[in-house]
Amino acid sequence: LDLMSVKRMMEKLGAPKTHLELKKMISEVTGGVSDTISYQDFVNVMLGKRSAVLKLVMMFEGKASESNPKPSGPPPERDIASLP
């Protein structure tokens, strides 16, 4: 993830950051070694103890599932004519 990708992600999450804040975030994740976040660094951040991003994602997923509740009980019976 480069700087602009992180910027767009934070804006979509409703928490826009300045250029300097984004650079600091990336530096924290990478340990100051790189200007981009690798896949492994991203996974470590998402699974880490300090992860506020994961909490936000889980919150949004929870809200999405509330609007589309899963049906309970057995599925309705189907016959051959109803198959695609």
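About the thresholds
- Residues numbered from 1 in each chain as written.
- Predicted model: local features only at pLDDT ≥ 70, side-chain atom pairs only at ≥ 80, totals over all residues.
- Heavy atoms only, no water.
- Helix = DSSP H or I, 4+ residues; strand = E, 2+ residues; numbered from the N terminus.
- Buried < 20%, exposed > 50% of the residue type's maximum accessible area, 1.4 Å probe, protein only.
- Contact = heavy atoms within 4.5 Å.
- Areas by Shrake-Rupley, 256 points an atom, 1.4 Å probe, with all protein chains shown as cover.
- Core = buried A, V, L, I, M, F, W, Y, C linked by side-chain atoms within 4.5 Å.
- Salt bridge = Lys/Arg side-chain N within 4 Å of Asp/Glu carboxyl O.
- Axes fitted to C-alpha atoms, helices over the stretch in contact; angles between N-to-C directions.
- Parallel < 35°, antiparallel > 145°, perpendicular 65-115°, else oblique.
- Nonpolar A, V, L, I, M, F, W, Y, C, P; charged D, E, K, R; others polar.

Draft legend 1. Expanded view of the overall build of the chain. A tally of regular secondary structure across the chain gives four helices and zero strands. When the helices and strands of the chain are listed from N to C terminus, the series reads α-α-α-α. A total of 84 residues make up the chain; the buried ones form 13% of that total. In the chain, once contacts between residues fewer than 6 apart in sequence are set aside, the share between residues at least 24 apart is 23%. Of the accessible surface of the chain, which amounts to about 7200 Å², a share of 61% is contributed by carbon and sulfur atoms.

Draft legend 2. Layout of the nonpolar core. Leu3, Val6, Met10, Leu13, Leu22, Ile26 and Ile37 form the largest nonpolar core, which has seven residues in total. Broken down by element, this core gets its largest block of residues, three residues, from helix α1 (residues 3-12). If we skip the residues at most four places from it in the chain, Leu13 touches Leu56 and Phe60.

Draft legend 3. Examining the pattern of salt bridges more closely. This model, assessed by the stated rule, comprises one salt bridge. Between Lys7 and Glu11 there is a salt bridge; the shortest N-O distance is 3.0 Å. Linking Lys7 with Glu11, this pair stays in helix α1, spanning four residues, or about one helical turn. We classify Glu11 as partly exposed; its relative accessible area is 39%.

Draft legend 4. Seen up close, the packing of α1 against helix α2 (residues 19-30). Look at α1 against α2: their axes get within 10 Å of each other, and the N-to-C directions meet at 110°. The pairing of α1 with α2 is recorded here as roughly perpendicular in orientation. Listed contacts from α2 to Leu3, Val6, Lys7 and Met10 of α1 are His19, Leu22, Lys23, Met25 and Ile26. Its residues placed into classes, the contact of α1 with α2 shows six nonpolar, one polar and two charged.

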